[in-house]
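Chain by chain, the residues run as shown.
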Amino acid sequence: MIVSLALLSAAISFAVALALIRNANKLSLLDVPNARSSHRTSTPRGGGAGIFLAGTAMGAYLAWSHAWPLGGYVLALASMVAITGFLDDLYSLSARSRLLVQILCCSLLYISALPSALPVSPTGWIMLAMLLVLGVWWINLFNFMDGIDAIAATQGIFMLGAAAAISVLNAPGARFDPAWQWMLLLAAGVIGFLLLNWPPARIFMGDIGSTYLAFMILALAITSVSNGWLRGSTWIILGAVFFVDATITLLTRMALGQRWHEAHRSHAYQRLSRRWNSHRGVVALAITFNLLWALPLALSTMVWVKYEYLFVLLAYSPLVMGVMLLGGGKPDAA
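This section reports on the structure supplied with the text. (Residues numbered from 1 in each chain as written. Predicted model: local features only at pLDDT ≥ 70, side-chain atom pairs only at ≥ 80, totals over all residues. Heavy atoms only, no water.)

**Describing the pattern of salt bridges**
Close approach of charged atoms allows side chains of opposite charge to pair.
Right, so step 1: In the structure shown here, the tally under the stated rule is 2 salt bridges.
Right, so step 2: Linking Arg-98 and Asp-88 is a salt bridge whose minimum nitrogen-to-oxygen distance equals 3.4 Å. One end of the pair, Arg-98, is in helix α4 (residues 95-113); the other, Asp-88, is in helix α3 (residues 69-91), and 10 residues separate them in sequence.
Right, so step 3: Owing to a relative accessible area of 10%, Asp-88 belongs among the buried residues under this scheme. (Salt bridge = Lys/Arg side-chain N within 4 Å of Asp/Glu carboxyl O. Helix = DSSP H or I, 4+ residues; strand = E, 2+ residues; numbered from the N terminus. Buried < 20%, exposed > 50% of the residue type's maximum accessible area, 1.4 Å probe, protein only.)

Have a look at this one:
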């Protein structure tokens, strides 16, 4: 059954993205290159609508078939994030309006998914505020990192697939849970989109896809940790490539007095893609790092729990050095 649903998810995502390619002019979804772009020809954007529709269809089925109220709640919140992203793809919404929606949805997610962890003390409120900042930052950094062909799609597939695999190794019964099944079905939807996003991309993910996918990863991460399948450190390692590049780039731009909230192409992965003149090479490097370094360390957090933060340090150290050496956040000409 899960295999049939996965194939259906991939087919929905592929078909929607293909339809958008064919109707991009009518829908005003052509992304025209400018000085801050990493592509050279006009390319349709918004292909992540296929990921959103596939993920929504699969989530709705799981929520209904398992009588799973939390699934329906997450579905509604993720839809709010995705619709806001699509409106941004069409009309370029203000950063403030996007941020307000993200804060609202992350807050409601924590309230619904972690009711037993709601704060009853000042320390609890501080922890909740930190979680909220982390959640909103994750959504935005995932969007920032969607700057070259296939990088966001492959990262999403890796995180969801690796999390599902480690969850089953740690808790075999997880495979019967709708949240675990949603991980796999969402990953399948991203694979369907990737077929059209692999370099040279025929369509871009757009804000609808990057913000929706980031929010869903956040929701499934919270659920998996709450269920005891994974640890927070496991997810921190799985997302290391995106966390490190986006965070160091942002902090560097702020330290240099740049208008950090404006569009740019000074992320380390973007600088490397220009140096190599290849999106495919950078994506291959990220995939290799994730599979050969991040994945074993993420798995180690579940085997040797008392060393989990050492594994986080080991995962992050080479990335921090790499981003610094590549000049992440420095002016584009540097």
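Let's pick the thread back up.
**With respect to the packing of aromatic side chains**
Right, so step 1: Summed over all chains, the structure comprises 8 aromatic pairs.
Right, so step 2: With 6.2 Å between their ring centres and 50 degrees between their planes, Tyr-61 and Trp-64 make a pair best called tilted. Within this pair, Tyr-61 and its partner Trp-64 are both found in helix α2 (residues 48-65), separated by 3 residues, close to a single helical turn.
Right, so step 3: Of the residues examined, Tyr-61 reaches a relative accessible area of 29% and is grouped as partly exposed.
Right, so step 4: Among the aromatic residues, ring-to-ring pairing joins Trp-138, Phe-142, Phe-242 and Phe-243 into one connected group. (Phe/Tyr/Trp six-rings, centres within 6.5 Å; stacked < 30°, edge-to-face > 60°.)

**Comments concerning the packing of helix α10 (residues 240-255) against helix α13 (residues 308-326)**
Right, so step 1: Packing of α10 against α13 leaves a shortest axis separation of 9 Å and a crossing angle of 40 degrees. As far as their axial angle goes, α13 and α10 are oblique. Between α10 and α13 the crossing geometry is right-handed. Between α10, through Ala-240, Val-241, Phe-243, Val-244, Asp-245 and Ile-248, and α13, the contact on the second element is made entirely by Tyr-316, Leu-319, Val-320, Val-323 and Met-324.
Right, so step 2: Of the residues assigned to the contact of α10 with α13, the class counts are 10 nonpolar, no polar and 1 charged. (Axes fitted to C-alpha atoms, helices over the stretch in contact; angles between N-to-C directions. Parallel < 35°, antiparallel > 145°, perpendicular 65-115°, else oblique. Left-handed = near helix turned anticlockwise from the far one by under 90°. Contact = heavy atoms within 4.5 Å. Nonpolar A, V, L, I, M, F, W, Y, C, P; charged D, E, K, R; others polar.)

**What to know about the environment of Gly-189**
Right, so step 1: Mapped onto the elements of the fold, Gly-189 is located in helix α7 (residues 178-197).
Right, so step 2: Taking the relative accessible area as the measure of exposure, Gly-189 reaches 1% and is therefore buried.
Right, so step 3: Placed 182 residues apart in sequence, Gly-189 and Leu-7 show a C-alpha to C-alpha distance of 8.3 Å.
Right, so step 4: Ignoring sequence-local partners within four residues, the contact set of Gly-189 consists of Ser-9, Ala-10, Ser-13, Ile-51 and Ala-54.

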